[in-house]
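Overview (structure and organization)
Given next are the chains, with one letter for each unit.
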Amino acid sequence: MSAPNLNPDPKLNTTLPSKLDPNSSRARSNAMGMMALVASIREQEAQVREGGGAKAIESQHAKKRLTARERLNLLLDPETEFFELSLFAAFGMYEEWGGAPSAGTVTGLGRVAGRLCMIIANDATVKAGAFFPMTAKKVIRAQTIAMENRIPTLYLVDSAGVFLPLQEDVFPDQDDFGRIFRNNAVMSAMGIPQMTAIMGMCVAGGAYLPVMTDHVLMTEGSGLFLAGPALVQAAIGQKYSAEELGGATMHAEISGTVDFKEPNDHLCIARLRSLVAKIGHSQRAPFDRTPFDREKDAPKYAASDLYSLLDSDPARAAVNSYDTHELIARITDRSEFDEYRPDYGRTLICGYARIGGCAVGIVANQKTSQPQTSHTGEKRIEFGGVIYAESAEKAARFIMDCNQNLVPLIFLHDVNGFMVGRDAEWSGIIRAGAKMVTAVSNSTVPKISVIVGGSFGAGNYAMCGKAYDPRFIFAWPTARYAVMSGASAANTLVEIKIKQLERGGKKLSDEEKQELLASIKATYEEQTDCRYAAARLWVDAIIDPAKTREALMMALEAASLNPDVPKFNVGILQT
């Protein structure tokens with residue numbers, strides 16, 4: 001008798017198929033709306049990058065100093081891109097003070113002498129580089145990313161210090177100005193390289209920042225002192241020039257505070273590049289990474305197809321579903337995906353893939369409704385974008401598996417929240433949801449979140465929202481961030497307001513009720529917009545959907561710089 005063929009097909013096919021037709025009428029409509037939204041955001045970004053405007057730029061040049069972005073162009077390796085973070089910080093805020101574009105500072109990841117670095121640069125065209133409340137929080141967020149991923153950090157200092165009219169919101173709290181210097185000390189103790197180039201003013205408490213880093217560079221004509229000439233004269237009656245108090249020559253020759261004195265910005269940046277080129281290389285993270293070829297390992301389907309996936313209108317997006325496998329197929333290497341428990345808990349998609357050669361685990365909300373059989377044998381349809389007990393339990397187990405096997409996690413949000421109602425409560429939805437939140441909370445492998453559509457309520461928590469320490473959190477222009485969706489929240493808020501008015505003896509007409517609904521809905525929609533979130537640093541960057549893969553590759557490369565993965569301990573699970 002011949003032996004049976006135990007392996008009739010030795011080739012495992014993990015390539016995701018695609019049914020998305022970019023030429024269908026709905027896809028074309030979605031693409032037009034998404035591209036218009038992307039174009040609008042890019043136009044606003046261009047305005048933000050102008051900083052304080054043409055006159056402020058001229059004033060900076062008159063001092064023989066470059067602007068922050070001109071300095072960046074010199075610092076970064078030629079023909080490499082700067083991955084800017086928190087560009088929309090303070091967007092629409094501080095209008096009573098004339099605004100603070102990008103919170104008066106530029107932060108992001110860039111390559112310097114071949115090394116991936118975190119760069120933090122004061123923009124002196126915005127209120128002389130003064131620190132607003134959001135400026136401090138933006139710098140702290142950049143430092144946090146650098147600490148979590150062990151990224152060498154470069155500071156380009158040109159700042160007048162704290163913006164005094166708002167000092168009470170800048171100075172005293174845990175996430176205020178002083179935390180920056182605390183982070184300098186902690187980063188140094190962690191062995192993270194830090195270097196500072198002073199190319200302008202560095203005064204008051206801010207003077208501690210450069211001196212708490214590994215190297216201090218300073219240009220002639222710059223100032224580094226705890227108190228400027230006017231304050232010294234007022235405080236102790238002594239009269240000195242800025243150069244005598246804290247000029248580059250004094251610090252290079254007398255105080256010994258400056259390591260390198262340079263004549264101008266150009267040579268200072270050249271020196272900084274030379275120093276970065278000599279930093280040693282630490283051990284890499286233990287995550288699996290295979291050799292990667294950008295062309296051979298590219299997804300099978302065009303990234304531009306992602307424009308046609310979602311409806312850019314929130315109201316229509318709520319009823320127009322899409323298969324999230326189509327998104328995954330356009331961000332993973334060769335569109336390959338090993339789906340975990342594909343037939344169970346289908347409103348959450350979990351599985352393994354590679355992005356840029358790096359092994360990852362993906363947790364994504366499925367937006368199409370799914371058939372499910374309950375443990376009692378009941379067949380039902382589960383709503384897309386909703387987390388049910390089965391999907392939460394599947395995801396919790398998958399997240400634990402990724403931690404056990406040292407696989408970084410990618411979360412793709414488009415979530416309405418957890419299922420509610422009698423059947424959901426009887427299924428133990430709270431217990432299952434708690435398992436998932438516990439697994440996310442205690443996860444020690446790098447977590448990266450992308451908010452694609454809605455990210456509402458406790459669904460945001462379970463999908464690794466900002467409160468759950470993602471290494472990076474990105475948003476598509478279609479992202480919405482709130483306790484609940486706009487329509488649901490507006491109707492709830494209107495009912496509350498009507499009851500308040502009726503208790504006060506005022507009865508509203510139907511027309512007045514509609515006006516109130518429109519007003520509340522408009523306010524709520526503004527607050528759920530991705531730019532509102534980015535202004536408050538709830539997301540690190542608003543990304544072009546077609547560049548999602550590139551953003552994830554950059555984030556994964558940064559995460560690979562940290563070799564330390566703490567022991568995973570999930571704690572108590574309600575079983």
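What comes next concerns the included structure. Computed from a predicted model, the values in this text were never measured in an experiment.

Our focus in this paragraph is a nonpolar patch on the surface. Residues Tyr 208, Met 212 and Leu 226 make up a contiguous nonpolar surface patch of roughly 290 Å² in combined accessible area. The residue Tyr 208 is located in helix H6 (residues 208–211) in this model.

Under the definition given, this model contains 27 salt bridges. Taking the shortest distance from any N to any O, the salt bridge between Arg 271 and Glu 262 comes out at 2.7 Å. Note that Asp 423 is salt-bridged to Arg 422, the shortest N-O span being 3.0 Å. You can call Arg 422 exposed: its relative accessible area is 55%.

Orientation of helix H3 (residues 68–75) relative to helix H10 (residues 265–276), taken along the N-to-C sense of each, is 45 degrees, at an axis distance of 9 Å. Classified by the angle between their axes, H3 and H10 sit oblique to one another. Crossing hand, H3 versus H10: right-handed. Contact residues: Arg 71, Leu 74 and Leu 75 in H3; Asp 265, His 266, Ile 269, Leu 272 and Arg 273 in H10. A breakdown of the residues in the contact of H3 with H10 according to their chemical character gives four nonpolar, one polar and three charged.

By secondary structure assignment, the location of Glu 526 is in helix H18 (residues 510–528). Sequence separation between Glu 526 and Asn 30 is 496 residues; the distance between their C-alpha atoms is 21 Å.

Across four bridges, strand E12 (residues 370–373) lies against strand E13 (residues 379–382) in antiparallel orientation. The residue of E13 that forms the bridge with Pro 371 is Ile 381. Between the antiparallel neighbours E12 and E13 lie five residues, among them Gly 377 with a positive phi of about 95 degrees.

With that settled, consider helix H1 (residues 25–49). Between its first and last C-alpha, H1 extends 36 Å over 25 residues, near the 36 Å set by a 1.5 Å rise per residue. Three or more residues of H1 are buried, namely Ala 27, Asn 30, Ala 31, Met 34, Leu 37, Val 38, Ile 41, Glu 45 and Val 48. Against helix H19 (530–535) and strand E20 (541–542) lie the buried residues of H1. Immediately beyond the C-terminal end of H1, within one or two residues, lies Gly 51, with a positive phi of roughly 60 degrees.

Attention shifts here to the packing of helix H13 (residues 389–404) against helix H15 (residues 429–442). In the contact formed by H13 and H15, the axes pass within 8 Å of each other and the chain directions differ by 25 degrees. Between H13 and H15, the angle falls in the class roughly parallel. Crossing hand, H13 versus H15: left-handed. On H15, the residues touching Ala 389, Ala 392, Glu 393, Ala 395, Ala 396, Ile 399 and Met 400 of H13 are Ile 429, Ala 432, Gly 433, Lys 435, Met 436, Ala 439 and Val 440. Along the lines of polarity and charge, the residues of the contact of H13 with H15 split into 11 nonpolar, one polar and two charged.

Before going further, it helps to spend a moment on unusual backbone geometry. Most peptide bonds adopt trans geometry, and most residues besides glycine take a negative phi value. With phi around 60 degrees, Ala 128 is a residue other than glycine that occupies positive phi space. Counting through the fold element by element, Ala 128 comes out in the loop between strand E3 (115–122) and helix H4 (133–149). You can call Ala 128 partly exposed: its relative accessible area is 40%. Even without being a glycine, Arg 341 presents a positive backbone phi close to 45 degrees. When you line up the elements, Arg 341 lands in the loop between strand E9 (338–340) and strand E10 (348–355).

In this section: the packing of aromatic side chains. To describe a pair of aromatic rings, you give the distance between the ring centres and the angle between the ring planes. One pass over the full model with this rule turns up 13 aromatic pairs. Pairing Phe 88 with Phe 91 gives two aromatic rings, centres 5.0 Å apart and planes at 85 degrees, and the pair type is edge-to-face. Overall, Phe 88 belongs to the buried group, its relative accessible area being 3%. Pairing Tyr 461 with Tyr 468 gives two aromatic rings, centres 5.8 Å apart and planes at 40 degrees, and the pair type is tilted. Owing to a relative accessible area of 41%, Tyr 461 belongs among the partly exposed residues under this scheme. On the accessibility criterion, Tyr 468 (17% relative accessible area) is buried. Members of the aromatic cluster, joined through ring pairs, are Tyr 94, Trp 97, Phe 132 and Phe 163. Its guanidinium or amino end placed over the ring of Trp 426, Arg 422 lies 4.6 Å from that ring's centre, counting from NZ or CZ. Stacked on the ring of Tyr 532, the Lys or Arg Arg 536 has its end atom at 3.5 Å from the ring centre.

What follows is about H13. Spanning 16 residues, H13 covers 23 Å between terminal C-alpha atoms, matching the ideal 22 Å at 1.5 Å per step. When you tally the buried positions in H13, you get 12 out of 16 residues, the bulk of the element. Buried within H13 we find Ala 389, Glu 390, Ser 391, Ala 392, Lys 394, Ala 395, Ala 396, Phe 398, Ile 399, Asp 401, Cys 402 and Asn 403. In the stretch just after H13, Leu 406 is the one whose phi turns positive, near 55 degrees.

Buried residues dominate E10, accounting for six of its eight residues. Pairing geometry for E10 and strand E11 (residues 358–365), over eight bridges, is antiparallel. Looking at E11, one finds that Arg 354 is bridged to Ala 359. Here E10 folds back onto E11 in antiparallel fashion, the turn holding two residues, of which Gly 356 has a positive phi close to 65 degrees.

The rules behind the values
- Residues numbered from 1 in each chain as written.
- Predicted model: local features only at pLDDT ≥ 70, side-chain atom pairs only at ≥ 80, totals over all residues.
- Heavy atoms only, no water.
- Patch = residues over 30% accessible without salt bridge, like charges linked within 9 Å, V, L, I, M, F, W, Y side chains within 5 Å.
- Areas by Shrake-Rupley, 256 points an atom, 1.4 Å probe, with all protein chains shown as cover.
- Salt bridge = Lys/Arg side-chain N within 4 Å of Asp/Glu carboxyl O.
- Helix = DSSP H or I, 4+ residues; strand = E, 2+ residues; numbered from the N terminus.
- Buried < 20%, exposed > 50% of the residue type's maximum accessible area, 1.4 Å probe, protein only.
- Axes fitted to C-alpha atoms, helices over the stretch in contact; angles between N-to-C directions.
- Parallel < 35°, antiparallel > 145°, perpendicular 65-115°, else oblique.
- Left-handed = near helix turned anticlockwise from the far one by under 90°.
- Contact = heavy atoms within 4.5 Å.
- Nonpolar A, V, L, I, M, F, W, Y, C, P; charged D, E, K, R; others polar.
- Pairing = 2+ DSSP bridges.
- Expected span 1.5 Å × (residues − 1).
- Phe/Tyr/Trp six-rings, centres within 6.5 Å; stacked < 30°, edge-to-face > 60°.
- Lys NZ or Arg CZ within 6 Å of the ring centre and 35° of its normal.

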